[in-house]
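In case you want the letters, here they are:
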Amino acid sequence: MKTILRTENLCKYYGSGSNTVKAVDSVSIEIRRGEFVSIIGKSGSGKSTLLHMLGGLDYPTSGRVYLGDMDIFSMKEDALAVIRRRKIGFIFQSFNLVSSLNIWENVVLPLGLDGRKADRKWVMDVLETLGIADKINNLPETLSGGQQQRAAIARAVISRPDVILADEPTGNLDSKSSDEVVALLRLSADRYGQTVVMITHNEDAAQIADRTMVIEDGQVVSFR
């Protein structure tokens, strides 16, 4: 299976000298197209920093990140912004839905920002798969946490990105909603052929992935 995401000696350091903090330290990994990968590790281990660099949200101190054949940090900021909009979907612990927009408007927002029209059939297929097709006219505040996270997943999927990066997507949810959201991410990977990389503290959630990456002190100590 073809590699979609790859890093070479990726580092993110803060401070200098004896005060240097190595948030991510010489990480070299490969993630295959269509793969579901979970990342686990203690708080402060560097999981989120690594994920943000994989998505081009945070610049490394040194090293490289390749999306397909593209070295994303060799690009100018405008070009990188386009890559983030079109090739990468983000899901965060806080749902980041716009409170004044209904669910339909929130989900299709990335398409509008990219100057593209929404394919209604495709959007409704995604919303039906995620079980919120009947909520398109609702404002986010009228939905449960699990439903809001489903809307956030739909927003990430809707641009048909190559990679979905999920940073603790179940962190604000109860156990039932957490299980449902992880299952829906698994379904998104299987149904739409997207690569999913998910940070989680939940060992049970991690088991749903094809492979699990364990991070300690900024380094990948196992990838099983």
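These numbers were taken from a predicted model, which means no experiment stands behind them. (Residues numbered from 1 in each chain as written. Predicted model: local features only at pLDDT ≥ 70, side-chain atom pairs only at ≥ 80, totals over all residues. Heavy atoms only, no water.)

A.B. asks: Give a description of the overall build of the chain that names residues and reports values.
C.D. replies: From N to C terminus, the chain includes seven helices and 11 strands. Radius of gyration (C-alpha) of the chain: 17 Å, near the 17 Å computed for a compact globule of 224 residues. Principal axes of the C-alpha set define a box for the chain whose edges measure 55 × 40 × 35 Å. Across the 224 residues that make up the chain, the buried fraction comes to 51%. For the chain, the share of sequence-separated contacts (at least 6 apart) that also reach a separation of at least 24 residues comes to 70%. Accessible surface, the chain as shown: approximately 10,500 Å² in total, 47% of it carbon and sulfur. Mean positive and mean negative side-chain charge positions of the chain (27 and 28 charges, respectively) differ by 5 Å. (Helix = DSSP H or I, 4+ residues; strand = E, 2+ residues; numbered from the N terminus. Rg over C-alpha atoms; globule rule 2.2 N^0.38 Å. Buried < 20%, exposed > 50% of the residue type's maximum accessible area, 1.4 Å probe, protein only. Contact = heavy atoms within 4.5 Å. Areas by Shrake-Rupley, 256 points an atom, 1.4 Å probe, with all protein chains shown as cover. Lys, Arg positive; Asp, Glu negative; His and termini not counted. Charge placed at Lys NZ, Arg CZ, Asp CG, Glu CD.)

A.B. asks: Give a detailed account of helix H1 (residues 47-54), specifying residues and quantitative values.
C.D. replies: Across the eight residues that make up H1, a large majority, six, are buried. Those residues of H1 lying buried are Lys47, Thr49, Leu50, Leu51, Met53 and Leu54.

A.B. asks: Which residues make up a negative patch on the surface, and what values go with them?
C.D. replies: Residues Asp174, Asp179, Glu203 and Asp204 make up a contiguous surface patch of negative charge. With respect to the helices, strands and loops of the structure, Asp204 is situated in helix H7 (residues 203-206). (Patch = residues over 30% accessible without salt bridge, like charges linked within 9 Å, V, L, I, M, F, W, Y side chains within 5 Å. Salt bridge = Lys/Arg side-chain N within 4 Å of Asp/Glu carboxyl O.)

A.B. asks: Kindly report on the packing of aromatic side chains, identifying the contributing residues and their values.
C.D. replies: Summed over the entire model, instances satisfying the criterion amount to three aromatic pairs. Between Tyr59 and Phe73, the aromatic rings sit 5.0 Å apart at their centres with planes inclined by 50 degrees, giving tilted as the arrangement. Of this pair, Tyr59 sits in the loop between H1 and strand S5 (62-67) while Phe73 sits in the loop between strand S6 (70-71) and helix H2 (77-87), and the two are 14 residues apart along the sequence. Relative accessible area serves as the criterion here: at 36%, Tyr59 is assigned to the partly exposed category. (Phe/Tyr/Trp six-rings, centres within 6.5 Å; stacked < 30°, edge-to-face > 60°.)

A.B. asks: Before we move on, can you summarise the environment of Asp210 with the specific residues and values?
C.D. replies: Topologically, Asp210 is positioned in the loop between H7 and strand S10 (211-216). Taking relative accessible area as the criterion, Asp210 reaches 42% and is therefore assigned partly exposed. Spatially, the C-alpha atoms of Asp210 and Val37 are 5.9 Å apart, while their sequence positions differ by 173 residues. Beyond its immediate sequence surroundings of up to four residues, Asp210 is in contact with Gly34, Glu35, Phe36, Arg186 and Arg224. Polar side-chain contacts of Asp210 include one of 3.1 Å to the side chain of Arg186. (Polar contact = N/O pair within 3.5 Å; in protein donor to acceptor, adjacent residues only side chain to side chain.)

A.B. asks: Provide a residue-level description of the confidence of the model for the chain, including the pertinent values.
C.D. replies: Chain-level statistics for the chain give a pLDDT mean of 90 and a share of 100% at 70 or above. Of all the helices and strands in the chain, H7 carries the lowest mean pLDDT, 80, while S5 carries the highest, 96. (pLDDT = per-residue confidence, 0-100.)

A.B. asks: Explain the sheet that holds strand S8 (residues 163-167) to me, using residue names and the numbers behind them.
C.D. replies: Strand order across the open sheet formed by six strands is S7-S8-S9-S4-S10-S11, with mixed pairing between neighbours. The open sheet has two edge strands with one neighbour each: strand S7 (88-92) and strand S11 (219-223). Between one strand axis and the next, the sheet turns by 20 degrees as a mean value, whatever way the strands run. This element, H1, spans strand S4 (36-40), S7, S8, strand S9 (195-199) and S10 of the sheet and lies at about 155 degrees to S8. With respect to the sheet, H2 is in contact with S7 and S8, its orientation differing from that of S7 by roughly 75 degrees. (Pairing = 2+ DSSP bridges. Axes fitted to C-alpha atoms, helices over the stretch in contact; angles between N-to-C directions.)

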